[in-house]
Every structure is written in structure tokens, then in C-alpha cells.
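Observations on the three-dimensional arrangement
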Amino acid sequence: MQSTLSFSESFEDIKIEEDSIIKSSVRIDSIEAKMLNERKISIKAVLKVNLEVYSKEELEINSDLMKNTENADLQVMKEDVNIKSLVGMNSVKTSIKEDISVDTSYEVAEILKTSVRLENIENKISYNKVLAKADANIKVLFLAEDGRIGIQNTTIPVMSFIDLEGVKEDQECNVEYTIRNMLFKVSSTDSHSITCQIEFEVCLYVYENKIFSIIEDIYGTTNTVTFNTKTICIPSNNGISEEKISISEKVIVEDILNIYDVESRVNVLNNTESELVLNIYYEADNRSGLNVKEIRIPFIIKANVEDQNQLEFRMANEKFTVNGEHVSLDIDIFYSLPNENYKEIRFAEDFEINDLNQEEDYKMYMYFVKEGDTIWKIAKRFRVTMDEIIELNDLENPDKINVGDRLFIMR
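Note that the coordinates shown come from a computational prediction; the quantities given were computed from them, not determined experimentally.

What counts, and where the lines are drawn
- Residues numbered from 1 in each chain as written.
- Predicted model: local features only at pLDDT ≥ 70, side-chain atom pairs only at ≥ 80, totals over all residues.
- Heavy atoms only, no water.
- Phe/Tyr/Trp six-rings, centres within 6.5 Å; stacked < 30°, edge-to-face > 60°.
- Helix = DSSP H or I, 4+ residues; strand = E, 2+ residues; numbered from the N terminus.
- Buried < 20%, exposed > 50% of the residue type's maximum accessible area, 1.4 Å probe, protein only.
- Lys NZ or Arg CZ within 6 Å of the ring centre and 35° of its normal.
- Pairing = 2+ DSSP bridges.
- Salt bridge = Lys/Arg side-chain N within 4 Å of Asp/Glu carboxyl O.
- Axes fitted to C-alpha atoms, helices over the stretch in contact; angles between N-to-C directions.
- Contact = heavy atoms within 4.5 Å.
- Core = buried A, V, L, I, M, F, W, Y, C linked by side-chain atoms within 4.5 Å.
- Arc of directions from axis to C-beta.
- Polar contact = N/O pair within 3.5 Å; in protein donor to acceptor, adjacent residues only side chain to side chain.

Inspection of the entire model under this criterion finds seven aromatic pairs. Ring centres of Y177 and F200 lie 6.4 Å apart, and the angle between their planes is 90 degrees; on these two criteria the pair is classed as edge-to-face. Of this pair, Y177 sits in strand β7 (residues 172–186) while F200 sits in strand β8 (residues 193–220), placing them 23 residues apart in sequence. Considered together, Y177 and F200 belong to a single accessibility category, that of buried residues. Over the ring of Y106 we find R148; its NZ or CZ atom is 4.2 Å from the centre of that ring.

Printed below as a string of C-alpha cells:
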């Protein structure tokens, strides 16, 4: 029996505007099926939807002021910022259709379970196009006519061209694949073959990295400077750091002879607790067909996030060993924040510079450092340069001043 289930959901956020660029992904976290009666099957699925909303905004850097910051009367705090901006996106649909041959000692009667994993994802930029390539690693469990269960692994290349006008070789391209439709069936012409059809949606996101020199703060020693402050949120290029948890357990699976396959996922229970869920597909001693055992292993994550549902999990180095009715499980769980690595940038704009009436007499001030003070803040308060404070007080490391330190300031 085959069925297509559809769903629709609306999301509201005050930050979403009509011209916003929406980047979305949908993942099946879990799916359950059970018999209701002789004619109905209940299917329950839990989906994880991730939305990233981008807005377009032009930033104007006051180039004339930046050129004049060498003026000794202006003290400027600058920062070089690498801004990663989304410059374009597009998507296409592509598909693969292949007959997968199995060992000739098997005559395929029924498909029991399939899994598809994409690996070796890469892309190449050409004129107004991006070539996207990946390998679809496919695993099929099937029932043979004689009652045996067979396993077939195969790799099928997936290729597509995505149009994007003006894409350049020095830009960063991210390609994401989503399986939209999938069909596996016994070949109608060859009992030693399985027909595989998979439709993918391939989404391309192109980013551009530019370094801007922005003014964080500014003041004048002989002028008054007024300005407005603006804050924007941009994607950060710091990368995503992963943390690892290693789990090693022994569980009892009655009458187990051989493991065919293992599916793994993580359920988030609350802000500190999660559980590893394993579905073990195995051959039993006194039961025919494909048997399934669900194992739940709780673990604790110490992550500095408000909601653990923000975390992304991946499993690696999975090892499952059968010894009698005992199954030894060894698995590494890596967790990290998804592509939500953002940075707030604060910069000054709309400058206005006016002359300041200078006092003729010089004065010496004695200042005691307070909580939150920096040499920059103190220099700005007294309208002197940082170098003057550093030189007058013989400061070896101006970045390290302590509350209560005494500083002399000549004004």
C-alpha cells in the first residue's frame, strides 16, 4: 500500500516582511504506524521545521569621514568587519531512476525497508550556473521468495545545473538537498532487481563576503562630534563548533541472531535532558521476517542555549556487536547549533562635527578607574588621546587596568 500525506502550517513573526528571503528545511524526527482495525492504519509523524529569515538592507559607510579620520583632532575607534550577505538563491528539481540488481540467489518478493543518505556534496561555478553533485547512498532490506531477508547497498550519483545570474567563482555556494518523492518496488521484468525512483529538490544559496571598516565610536579633542548609532544582525563566519558525547551501553534483545540495520535519532525532553532512540532491525531465532526493537538511552547535555530544540545532532562511529542476547552499543553523538551563528554589529552614522571653545589653561586631573572603564572611555571623557594617558602613566598594557587604579590626565 502506498499513500501520500500532506500538511500545511502557518508561521507568524513580526520580523517577516513581504520582500524577506525565507530559507526553510523540514525533517522527519519520528514516525509511527499502528493498526486501528482491519481496514485502517494510524500514522503519526513529528516534523522539525527550521526557518531562517533574511532581509535586504543597504549599508552606507561615510567614506568622506573615514578619509578624514587621520586628523589629529579626531579620535576614532574602528573595526574591520567581514560581512557575509546572501546575494541570491534558486532551486531546481532533479531525479534519479535506477534498477538495483541483487544477488542472483535471491528472488525479491517484497521491499521491507529503505534508507537514503547523501554524501560527497560539492558544487562548481560556471557562467551564470552552478553544477551541484552528490552521491546517494542507498540501502534496501527486502524479503525473498524463500523467506530470507536480503540487504543491498548501492551508490547513485545525483547531478543538476542551477541557474543563477551573475554568480562568481569567489562567492560561497551552499547546496541543500531535500527528498520530495521516493518509490522502491520490485522490478516488473526481473525478480533479481529493485526499481528505485527518487525526486530531489536542490536549493542553492550564494553568499558574498566583504570586509568593511566601520566606525564604532568617535570623539574630538578640539571638536564636538555627534552621531547616531545603528545595530544590525549579520551571519558570522566563525564556523560552528561541535561537542561530543560518547555512549556505550549493553542491552538485551531476545532471540537476536543478526542485526540488519539500525536507525538512530535524538529526542529532546527538556532544557537539560535528551534521549538517544535506536530502532534495531534484526533477525530473530524463532521468528521469521524483519523484527524491530526500540531502545531509549537518556543522556544530559550542558549547552548554553535557551531551548535544546535549537540544537542539531548527528551520530558517528556507530558500532553494534551481538553476543548471545546482548547487544553492545557504541555511538558518538555530536551536537551543535544550526546555521544560527550570528553577530550583532554596532556602528556610528550621521556624523556632525562642530568647533569646541578651548580653555587656555592646562589642568592636571587625578582619576581612579571605575567598573566598566577602558582607556578609550576615559580618554573620550576628558577629550584627550589614548596615547597621552598611556605615556603619562607608563602603562605597559593599556588593555589591563583595574578598578581603583590611579591615572594622571593632562588636559
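Working note: regular strand, side chains alternate between the two faces of the sheet. Two elements, strand β3 (residues 74–101) and β8, share 27 bridges in a ladder whose sense is antiparallel. When the bridges of β8 are listed, V92 appears paired with V202. Pairing geometry for β7 and β8, over 14 bridges, is antiparallel. Bridged to N174 within β8 is Y205. Connecting β7 to the next strand, β8, in antiparallel fashion are six residues.

Moving on, we get to the pattern of salt bridges. Under the criterion given, the structure shown has 13 salt bridges. Note that R287 is salt-bridged to D255, the shortest N-O span being 3.5 Å. Residue R287 is found in the loop between β12 (273–284) and β13 (291–300), and its partner D255 is found in the loop between β10 (243–252) and β11 (256–268); the two are separated by 32 residues along the sequence. For R287, a relative accessible area of 33% puts it in the partly exposed group. Residue D255 is classed as partly exposed on the basis of its relative accessible area of 22%. Here R296 makes a salt bridge to E294, at a shortest N to O gap of 3.0 Å. Through salt bridges with shared partners, one network takes in K113, K139, D261 and E263.

Read from one edge of the open sheet, three strands run β3-β8-β7, paired in antiparallel fashion. What marks the edges here is a single partner per strand, and that holds for β3 and β7. On average, adjacent strands in this sheet sit at an angle of 10 degrees to one another, irrespective of strand direction. Along the sheet, helix α2 (residues 375–382) makes contact with β3 and β8, crossing β8 at roughly 40 degrees.

In terms of nonpolar packing, the biggest core is built from 31 residues, with I96, I138, F184, V202 and L204 touching the most fellow members. Breaking this core down by element, the ones donating at least two residues are β3, β4 (108–126), β5 (129–144), β6 (149–163), β7 and β8. In terms of residue count, the dominant contributor to this core is β5 (eight residues). Those residues in contact with I96 that lie beyond four places of it in its chain are A136, I138, I156, P157, V158, C196, Q197, I198 and F200. Membership of the second largest hydrophobic core comes to 24 residues, among which are V266, L278, F299 and L329.

Now for the sheet that holds β6. Taken in spatial order, the three strands line up as β4-β5-β6 in an open sheet, and their pairing is antiparallel. At either margin of the open sheet sits one strand with a lone partner, and together these are β4 and β6. For this sheet the average axis-to-axis angle between neighbouring strands, irrespective of direction, equals 15 degrees. As judged from the 15 bridges shared by β4 and β5, these two strands associate in the antiparallel manner. Across the sheet, the residue bridging to V116 is I138, located in β5.

Of the strand pairs in this sheet, β5 and β6 are connected by 15 bridges, and their pairing is antiparallel. Opposite I138, over in β6, you have T154 as the bridge partner. Linking two consecutive strands that pair antiparallel, namely β5 and β6, is a turn of four residues; a positive phi of about 95 degrees is found at G147 within it.

So, about the environment of K78. Examined against the element boundaries, K78 turns out to sit in strand β3. Residue class for K78 comes out partly exposed when judged on its relative accessible area of 38%. When the C-alpha positions of K78 and S213 are compared, they lie 6.6 Å apart, and in sequence the two are 135 residues distant.

Residue pairs three or four apart in sequence face the same way in an α-helix, which turns once every 3.6 residues. Residues I375, W376, I378, A379 and F382 constitute the buried set of α2. The buried residues of α2 occupy an angular sector of 165 degrees when projected down its axis, which confines them to one face. Looking one or two residues past α2, R383 carries a phi angle of roughly 60 degrees, positive in sign.

Let us now look at the side chain of K113. With respect to the helices and strands, the residue K113 is situated in strand β4. Separated by 2.6 Å, the side chains of K113 and D261 make a polar contact. What K113 contacts, discounting residues up to four positions off in sequence, is K139, V140, L141, D261, E263, Y281 and L290.

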